[in-house]
Each structure stands twice: as structure tokens, then as C-alpha cells.
Amino acid sequence: MGEQERMVEAMLFASAHPLTLRDMAARMPHGCDAAEAVAYLRKRYEGRGVRLMRVGDAWAFRTAPDLAFLMQKESTEVRKLSRAAIETLAIVAYHQPVTRAEIEEIRGVSVSRGTIDQLLELDWIRLGRRKMTPGRPVTFVVTPEFLDHFSLETARDLPGLKELRAAGLLDNRLPPGAMAAGENGSDDEDDATGDGQSELFEE
């Protein structure tokens, strides 16, 4: 197992992106247990300057949260998400899988193609399964890149409405039903809600 830990450690350090257990197992000799090696390795790195963290269904080494200040540097923010993009991203994150029509229903305004395109280009959302309703509309879901950027293991780790308002990402104009417990509307341009029932979708 010690040798298997070393193999997993080497792959994770060398990889430019998080690796799934399947990715690691495919590179390891037959008979190796990537999952067990990851479990041992994660424990070994507890309390160290870097930690082995789960990102969606993949794994990656990340700086320990309490040492993040060492990595900060002054920089100019060149690209800022519009309010419409932030609201659209939040709705997708909290209601995935969600269709464009549902996003628009929640926000109370139409979704501009530019807003969806911007989030797709950032690789923070992607196309999900088609919904089994007339027209079979596509749905949108957040990506592992989105989870990784915000240091989330899964979408269930997203903050609640209170935290979002405190961070200035939400205001009191959004009506009930839009976010976790509900919010809607905006007067700019874009967004909707989905119940995520498995029988309503197809791969």
C-alpha cells in the first residue's frame, strides 16, 4: 500500500487538473486499489501545508485553507461577471439540472445568449441531460471547475441565502422560489427553476 500511495501522490502532483479514481486506477498496475491509496494518502497529509481534497468526483492537492494568505498577490481584476451572469450561475448551481426556460421563470426576465455563453466559456456550467418534456430542452449544470474554483466538494456545500446576501451576490429584490429556499426576478436580462426529477430526463 505504501508503494500505491507513492504512485497516487506522484500522479496528483504532476497532474494539471483533478484526477478521478478511475483515472488513477487506469495508470496503476493491475490489482492496485486507488481508492484505498487515496484514503491513506489523505490521512497522511492532514495538518500539512497542502491537503488532498475531493473536487466533485475527482481528487487534487490544494493549499491548506489557513495558509491561503501566503499565496495571495495583488492583481487587477480584468473580467467581472455581470449581475445577470451571477444570478444565472447561482440558479444553475442551486437548481441543477435546470433549463433555460426555468432560469427565465425564476429571474422573471429572459436569458441573453451572451450570459450563457460567458458561463460556458468560463467552464463553470455545461450542458446536462435533456428534459423529457415537449421539445426535450437541454438543461444546465455546474462543472467540476466551478466546484474547484470555489473550493467545494459538491454542490451541496454551497452557501445559503444569508451568506450570499452577506457577500453581496444577492439582494432583496429576488422573490421566493429562486434560490435554495427561494428568490427571483431582476431587472437586467436573463434566468428559472427545475425540480430535477430523474424521470423527467434522458441521457
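Refer to the structure above for everything that follows.
Figured I'd write up the structure that's included with this text. Everything quoted here is computed from the prediction, not taken from an experiment. (Residues numbered from 1 in each chain as written. Predicted model: local features only at pLDDT ≥ 70, side-chain atom pairs only at ≥ 80, totals over all residues. Heavy atoms only, no water.)

Examined bridge by bridge, strand 2 (residues 50-55) and strand 3 (residues 58-63) share six bridges and lie antiparallel to one another. Note that in strand 3 the partner of L52 across the bridge is F61. In textbook terms, the turn of a hairpin is the stretch between consecutive antiparallel strands, and for strand 2 and strand 3 this stretch comprises two residues, one of which, G56, has a positive phi near 65 degrees. (Pairing = 2+ DSSP bridges. Helix = DSSP H or I, 4+ residues; strand = E, 2+ residues; numbered from the N terminus.)

Right, let's get into unusual backbone geometry. A negative phi angle characterises most non-glycine residues, just as the trans form characterises most peptide bonds. A cis amide bond links Q96 to the next residue, P97, at an omega of -5 degrees. Residue D123 is not a glycine yet carries a positive backbone phi of 65 degrees. Counting through the fold element by element, D123 comes out in the loop between helix 6 (113-121) and strand 5 (125-131). Assessed through its relative accessible area of 33%, D123 is described here as partly exposed. The phi angle at R136 is positive, at roughly 40 degrees, despite the residue not being glycine. Take R136: it is sitting in the loop between strand 5 and strand 6 (138-142). (Buried < 20%, exposed > 50% of the residue type's maximum accessible area, 1.4 Å probe, protein only.)

L89, V92, I103 and F146 are the most contacted members of the largest nonpolar core, which has 22 residues in total. Counting residues per element, the ones that place at least two in this core are helix 4 (83-95), helix 5 (100-107), helix 6, strand 6 and helix 7 (144-149). Here this core takes six residues from helix 4, the largest share from any one element. For V92, the residues in contact, after removing those within four places along its chain, are V98, I103, I125, F140, V141 and V142. (Core = buried A, V, L, I, M, F, W, Y, C linked by side-chain atoms within 4.5 Å. Contact = heavy atoms within 4.5 Å.)

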